[in-house]
Amino acid sequence: MKIFTCIKQVPGVSEVKIDPKTNTLVRKGIPSITNPMDNNATELALSIKEKHGGEVIALSMGPPQAEEVLRQALAMGADEAYLLTDRAFAGADTLATSHTLGLAIKKILKDSGDEKKYLVICGTQAIDGDTAQVGPELAEELGLPQITYVQKCELKGDKIITERVFRSEETVIIESKLPALISVLKEVNDPRFPTMTGIVNAHEEMEVKYLNANDLKAGKENIGLTGSKTEVFKIFIPEKKGKHVVLEGSVEEMVQQLCNNLKEDKLL
Ligand SMILES: Cc1cc2nc3c(=O)[nH]c(=O)nc-3n(C[C@H](O)[C@H](O)[C@H](O)COP(=O)(O)OP(=O)(O)OC[C@H]3O[C@@H](n4cnc5c(N)ncnc54)[C@H](O)[C@@H]3O)c2cc1C
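Residues numbered from 1 in each chain as written. Predicted model: local features only at pLDDT ≥ 70, side-chain atom pairs only at ≥ 80, totals over all residues.

> Hey, could you go over the environment of N222 for me, with residue numbers and the actual values?
For N222, the location among the structural elements is in the loop between β13 (208–211) and α6 (251–264). When near neighbours in sequence (up to four residues on either side) are disregarded, N222 contacts A96, H99 and G227. (Helix = DSSP H or I, 4+ residues; strand = E, 2+ residues; numbered from the N terminus. Contact = placed C-beta atoms within 7 Å.)

Below, the structure written as structure tokens:
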């Protein structure tokens, strides 16, 4: 069984700069990391493989430097990695991103004999774009049932059984037959650290395979900026509001003062 993990490279800083002319993130000179929840996705894929067998395939769409996040997945234990990279993919919104990822998954499945039983695991959301749309849109692309906000997951036969967070406080148990797509929360597991051997193998022995628009037989109208239906009117960092208040005194005095302040601000 193939287990795909979708991995996005994101800026590794808490404050990003925005180019006011183009309304896009300034990525130059900013260190990049694996989107944290995507490490949880890879960890889940590896733990399923360890229990039930299979093959873990890491996928990322991005510029050539996104190869590094795929090498990290290989170092954790993924069997194969594919980087979807082409100038024609640039400027993709979530719809064009999901379409491109979907084409790659279909191609990999077809090239390996049209396997019918597979699982796709995404992070719930990326820390930069933050839309949480790619997982659900990718499920639609592939015509798969989807379970989002997953905090527990196990495979039983040809079904996955998940615990999903519902309205922040409740949880529901949802199961689905494979093939299926799930998007996971950080609570689902603690990602392993790659071993030294894993890191060396990932950089010296293993290959990151590149796929471009031609390889995917992607129609220009569905990829990159042309395939993007979203229009960004403005993107900005919210102004910091409110002042920093330090409460002093005994616990009772501080609680009293806190209640008075909240009442003054009509929050209590
Ligand atoms: C008009 C427009 C133009 C844009 N232009 C660019 C651009 O030029 N360069 C750029 O980097 N971004 C660009 N973006 C942002 C980019 O489209 C989104 O970051 C991307 O579609 C993912 O959305 P998200 O970050 O909200 O991910 P979410 O939907 O929050 O991510 C959920 C999960 O989906 C998976 N995932 C998301 N993105 C990828 C990916 N690329 N590869 C593999 N898995 C993924 C991961 O598992 C992730 O945890 C643009 C967005 C818009 C609207």
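> Summarise the site of the ligand; cite the residues concerned and give the values.
Around the ligand sit 33 residues in total, of which G123, A126, G129, T131 and V134 are the nearest. Counting residues per element, the ones that place at least two in the shell around the ligand are α1 (36–52), β6 (55–61), α3 (94–111), β8 (118–123) and α4 (134–142). Taken together, the residues of the shell around the ligand sort by class into 14 nonpolar, 14 polar and 5 charged. (Near = placed C-beta within 6 Å. Nonpolar A, V, L, I, M, F, W, Y, C, P; charged D, E, K, R; others polar.)

> Lay out α6 in plain terms, naming residues and giving numbers.
Every α-helix carries 3.6 residues per turn, so stepping three or four residues along brings you back to the same face. In a regular helix each residue adds 1.5 Å, so 14 residues correspond to 20 Å; α6 covers 20 Å between its end C-alpha atoms and thus fits that length. Little of α6 is tucked away: 0 of the 14 residues are buried. K266 sits one or two positions beyond α6 and adopts a positive phi of about 55 degrees. (Expected span 1.5 Å × (residues − 1). Buried ≥ 20, exposed ≤ 12 C-beta atoms within 10 Å, placed from the backbone.)

> Let's hear about unusual backbone geometry: which residues, and what values?
Residues L178 and P179 are joined by a peptide bond in cis, for which omega reads 5 degrees. Mapped onto the elements, P179 comes out in the loop between β11 (170–177) and β12 (180–184). Even without being glycine, K217 reaches a positive phi, approximately 50 degrees. For K266, which is not glycine, the phi torsion reads 55 degrees and is therefore positive. For K266, the location among the structural elements is in the segment after α6.

> Any chance you could break down the pairing of β12 for me, citing the residues and the numbers?
Counting buried positions along β12 yields 5 of 5 residues, so the element is predominantly enclosed. The side-chain alternation of β12 yields two buried faces, one formed by A180, I182 and V184 and the other by L181 and S183. Across 3 bridges, strand β9 (residues 146–156) lies against β12 in parallel orientation. Bridge pairing links I147 to I182 in β12. (Pairing = 2+ DSSP bridges.)

> How would you summarise the packing of α3 against α4 if you had to cite specific residues and measurements?
Where α3 contacts α4, the two axes come as close as 8 Å, and the packing angle between them is 50 degrees. Classified by the interaxial angle, the pair formed by α3 and α4 is oblique. Judged by the twist between their axes, the crossing of α3 over α4 is right-handed. On α4, the residues touching T94, L95, T97, S98, H99, L101, G102 and I105 of α3 are V134, E137, L138, E141 and L142. Looking at the contact of α3 with α4 residue by residue, the classes come out as 6 nonpolar, 5 polar and 2 charged. (Axes fitted to C-alpha atoms, helices over the stretch in contact; angles between N-to-C directions. Parallel < 35°, antiparallel > 145°, perpendicular 65-115°, else oblique. Left-handed = near helix turned anticlockwise from the far one by under 90°.)

> With reference to specific residues and values, describe the pairing of β8.
Counting buried positions over the 6 residues of β8 gives 6, a clear majority of the element. Neither face of β8 is exposed, since Y118, V120 and C122 on one face and L119, I121 and G123 on the opposite face are all buried. Pairing of strand β1 (residues 2–6) with β8 involves 4 bridges; the strand directions are parallel. Each residue of the ladder has a partner; that of F4, found in β8, is V120.

> An account of the packing of helix α2 (residues 67–76) against helix α5 (residues 196–204) is needed here, citing residue identities and associated values.
Interaxial distance between α2 and α5 falls to 7 Å at its minimum, and their mutual angle equals 130 degrees. Overall, the two elements α2 and α5 adopt an arrangement that is oblique. Crossing of α2 against α5: the hand is right-handed. On α5, the residues that touch R71, L74, A75 and M76 of α2 are G198, I199, A202 and H203. Each residue belonging to the contact of α2 with α5 can be placed in one class, and the counts come to 5 nonpolar, 2 polar and 1 charged.

> Just give me the short version of the nonpolar core, but keep the residues and values in it.
The biggest cluster of nonpolar side chains holds 61 residues, and the ones touching the most others in it are L59, L70, V120 and I121. Setting aside chain neighbours within four positions, we find L70 in contact with I7, A58, S60, A81, L83 and V208. (Core = buried A, V, L, I, M, F, W, Y, C linked by C-beta atoms within 7 Å.)

Everything listed here is a matter of geometry and, on its own, says nothing about what the molecule does.
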